[in-house]
Every structure is written in C-alpha cells, then in structure tokens.
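One-letter residues, chain by chain:
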Amino acid sequence: MYLLIPAAGVGRRMGSDRNKLLIPLWGQPILAWTLRAAEAASSITWIGLVGQAVDWPEVNDLLKTLALTTPVQWIQGGDTRQASVFNGLKALPANADRVLIHDGARCLATPDLFDRCAAVLQEVPGLIAAIPVKDTIKVVNSDGRTTATPDRSQLWAAQTPQGFWVDKIKHCHEQGQEQGLQVTDDAALFEHFNLPVQVVEGEESNLKVTTPMDLAIAEFILRQRYPHLQSSP
Ligand SMILES: Nc1ccn([C@@H]2O[C@H](COP(=O)(O)OP(=O)(O)OP(=O)(O)O)[C@@H](O)[C@H]2O)c(=O)n1
Ligand SMILES: C[C@](O)(CO)[C@H](O)COP(=O)(O)O
C-alpha cells in the first residue's frame, strides 16, 4: 500500500516558529513517531513524505537515523494541506492504484490502524478513519450564539488515514482546484462529487498534535503505551 504523509505545515496553532513535526515528543521528533508507525505497518510498502524544502536537511538527517526499510520519497508540499496532498498524488508511482493519506501530525496512529484501512481500501473507493464524537456539537453564528445542535448520533470526528482509489481522488483534487474548492480533509472532495466514503473505526489515541496541550497528551499516551521505557525507543 502506498502512503502519503502530509508534513509541510508550519504549526501556527502550536505557536512554533518552525515545522511542528520536527519538535521533540518524548525524545524524538513528532514525525519520527509517525514514520515508525508506518514502517511497522505490514501493509505499507512505500511512503511519500510531503514537506517544505526548508525542512529537508533536518528530515534527511532523521531518515538516516531511522534507517527505515520502507522506501521514502520526498515530495514538495504546497501552501495548504490540500495543495500538499495534491502534489503528493501527482508524485505517486504510476502503478499506484490505491493510496492512504495520513497526517504527519497524527503521530500516535498504530500500525494496526494503517493495516485495517489498507484492508478496507481493497473493497471500497474511499474511506476515513473516524471516531464518534463525545461532546454535544453546536453550530455557532458570527455573534457567538448557537443556532443548531446536530444529532450527535450522526457525528463522527474524522481522522487519518484516509484512503482512496488513486484515479478517483486525483480527479477530485483536479476538479476541486479548478472549482476553487477549499477543504480540510480529502474525503470532503469525495463527498462533494458524490463518491462514497466508508468509515473505519479510528483510535481515540489517534489525536492530531496541533497545540501545546496536544504535545502533553501525546507524551502521556506514549508513556502509557511503552511503560517499560524511560524515554522513546
Ligand atoms: N501546507 C500544509 C499544511 C499542513 N500540512 C500537513 O497537514 C497535516 C495537518 O495539518 P495541521 O495539523 O493543521 O498542521 P499545520 O498546518 O502545521 O498546523 P497549523 O494549521 O496550526 O499551522 C500536518 O501533518 C501538516 O504538516 C501540509 O502537508 N501542508
Ligand atoms: C485531515 C484531518 O486530520 C481530519 O480531521 C484534519 O481535517 C486536518 O486539519 P488541519 O487543520 O489541516 O490540521
């Protein structure tokens, strides 16, 4: 299975002056955890790492340290996550007919989650990892007043991996760019063009490390996951 890792952000919400994926988390960069999980997933046979040129020297050093057996191709990212993913799709090997797309910031996803998504993608053209929301969600207007309360039983929090048949998702991105669509996940393009997106049970621990609080939570999760370790493996 081909995997694209969007890793070309800047981490504004982290308050970082550099790519947050290079910030240490329990002894190694956030991105290292993501790459280790992808490496450990039996289904992943190729990684497209989508990043900004300014980060390449540090990422290259990290790749040398990790010495992954899975081939990793460096791909130039774009100004938005959507543009970065599209660049990644255009850089896929010609024989790639299915692809998983996984945020570099979701560094706690387990190898099992990748493998489960890869297995389902054999059967459906599009999927997302997701978990049911626990909070009651409100729609709020520009005055800060609630205007609606969607039925919680129908609300799921989308995660990544998200997976797609390559020809379909590439076409969606092409059309989306032409029509000026701006989306925060790739499944939204599938939905916009009336293509089916199957939910695969995600993981509560598969948080997107976005803010400093997320870093603290992520370290807690790692310490629980590797209780025998004093620091990262
Ligand atoms: N131009 C961009 C923006 C984001 N991403 C990636 O998309 C994932 C999810 O994005 P997010 O968590 O928002 O990361 P940032 O954009 O860095 O964070 P912020 O929005 O706070 O700046 C991350 O792995 C990020 O590296 C990307 O590849 N290219
Ligand atoms: C793709 C995603 O992780 C699904 O929840 C999320 O939409 C990414 O959002 P971001 O603002 O680019 O971090």
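About the cut-offs
- Residues numbered from 1 in each chain as written.
- Chains lettered and ligands numbered in written order.
- Predicted model: local features only at pLDDT ≥ 70, side-chain atom pairs only at ≥ 80, totals over all residues.
- Heavy atoms only, no water.
- UniProt positions renumbered as here; feature names shortened; annotations may be inferred.
- Buried < 20%, exposed > 50% of the residue type's maximum accessible area, 1.4 Å probe, protein only.
- Helix = DSSP H or I, 4+ residues; strand = E, 2+ residues; numbered from the N terminus.
- Pairing = 2+ DSSP bridges.
- Axes fitted to C-alpha atoms, helices over the stretch in contact; angles between N-to-C directions.
- Contact = heavy atoms within 4.5 Å.
- Core = buried A, V, L, I, M, F, W, Y, C linked by side-chain atoms within 4.5 Å.
- Near = heavy atom within 4 Å.
- Polar contact = N/O pair within 3.5 Å; in protein donor to acceptor, adjacent residues only side chain to side chain.
- Areas by Shrake-Rupley, 256 points an atom, 1.4 Å probe, with all protein chains shown as cover.
- 1 Å grid on protein atoms, 1.4 Å probe; cavity = no way out; pocket = protein on both sides within 12 Å on 5 of 7 lines; lining within 4 Å.
- Sits in = over half its atoms within 2 Å of the grid points.
- Nonpolar A, V, L, I, M, F, W, Y, C, P; charged D, E, K, R; others polar.
- Phe/Tyr/Trp six-rings, centres within 6.5 Å; stacked < 30°, edge-to-face > 60°.
- Lys NZ or Arg CZ within 6 Å of the ring centre and 35° of its normal.
- Salt bridge = Lys/Arg side-chain N within 4 Å of Asp/Glu carboxyl O.
- Arc of directions from axis to C-beta.

An unreviewed UniProt entry annotates the protein chain as 2-C-methyl-D-erythritol 4-phosphate cytidylyltransferase of Prochlorothrix hollandica PCC 9006 = CALU 1027. On record in UniProt, under Sequence similarities (unreviewed entry), the comment for the protein chain is "Belongs to the IspD/TarI cytidylyltransferase family. IspD subfamily." In the Catalytic activity (unreviewed entry) part of its UniProt record, the protein chain is described as follows: "2-C-methyl-D-erythritol 4-phosphate + CTP + H(+) = 4-CDP-2-C-methyl-D-erythritol + diphosphate".

Caption draft 1: Highlighting the pairing of strand β1 (residues 2-6). Within β1, five of the five residues are buried, which leaves the element mostly enclosed by the surrounding structure. Where β1 and strand β4 (residues 46-51) come together, five bridges link them in parallel fashion. Within β4, the residue paired with tyrosine 2 across the bridge is tryptophan 46. The pairing of β1 with strand β6 (residues 98-101) spans three bridges and is classified as parallel. Within β6, the residue paired with leucine 3 across the bridge is leucine 100.

Caption draft 2: Representation of the sheet that holds β1 within the structure. Strand order in the open sheet formed by seven strands is β5-β4-β1-β6-β10-β7-β11, with mixed pairing between adjacent strands. At either margin of the open sheet sits one strand with a lone partner, and together these are β5 (72-76) and β11 (198-201). Direction aside, the axes of adjacent strands within the sheet are offset by 30° on average. Across the sheet, helix α3 (residues 81-90) is in contact with β1, β4, β5, β6 and β10 (156-165); its angle to β1 comes to roughly 150°.

Caption draft 3: View of α3. Along α3, the residues that are buried comprise Gln82, Ser84, Val85, Phe86, Gly88 and Leu89. The inward-facing, buried residues of α3 contact β1, β4, β5, β6, α5 (166-178) and α6 (187-192).

Caption draft 4: Representation of the nonpolar core. The biggest cluster of nonpolar side chains holds 46 residues, and the ones touching the most others in it are Leu31, Leu35 and Leu100. Secondary structure elements with two or more residues in this core: β1, α1 (30-40), β4, α2 (56-66), α4 (111-120), β7 (126-132) and α7 (212-225). With seven residues, the single largest contributor to this core is α1. Filtering out sequence-adjacent residues up to four positions away, leucine 100 remains in contact with Met1, Tyr2, Leu3, Leu4, Ile44, Phe114, Cys117, Ala118, Leu121, Pro161, Gln162 and Gly163. Judged by nonpolar contacts, the second largest core, of 20 residues, contains Leu92, Ala96, Phe164 and Cys172.

Caption draft 5: Layout of the site of ligand 1. Neighbouring residues of ligand 1: 19 residues in total, closest Pro6, Gly11, Arg12, Arg13 and Ser84. Between ligand 1 and the protein, one listed contact pairs an oxygen atom with a backbone N or O atom of glycine 104 at 3.1 Å. Expressed as a share of its isolated accessible area of 560 Å², the protein-covered part of ligand 1 is 92%. In this structure the site holding ligand 1 corresponds to the largest pocket. Broken down by class, the residue content of the shell around ligand 1 amounts to six nonpolar, six polar and seven charged.

Caption draft 6: Main features of the packing of aromatic side chains. Counted according to the given criterion, the structure contains five aromatic pairs. Cluster of aromatic residues (ring-pair linked, three or more members): Trp26, Trp33 and Tyr226. Over the aromatic face of phenylalanine 86 sits the side chain of lysine 90, whose NZ or CZ is 4.1 Å from the ring centroid.

Caption draft 7: Main features of the pattern of salt bridges. If you walk through the whole model with that rule in mind, you get nine salt bridges. Residue arginine 81 is joined to aspartate 186 by a salt bridge in which the shortest nitrogen-to-oxygen separation is 3.0 Å. With arginine 81 in helix α3 and aspartate 186 in the loop between α5 and α6, this residue pair connects regions lying 105 residues apart in the sequence. Taking the relative accessible area as the measure of exposure, arginine 81 reaches 24% and is therefore partly exposed. In this structure, the salt-bridge partner of aspartate 97 is arginine 98, at a minimum N-O distance of 3.4 Å. Through salt bridges that share partners, Arg81, Asp103, Arg106 and Asp186 make up one connected network.

Caption draft 8: α2, seen in detail. Among all positions in α2, only Val59, Leu62, Leu63 and Leu66 are buried. One side of α2 holds all its buried residues, which, seen down the axis, span an arc of 100°. With respect to the buried face of α2, the exposed residues turned more than 90 degrees away are Pro57, Lys64 and Thr65. The inward-facing, buried residues of α2 contact β3 (28-29), α1, β4 and β5. Once α2 ends, the next one or two residues include alanine 67, with phi positive near 50°.

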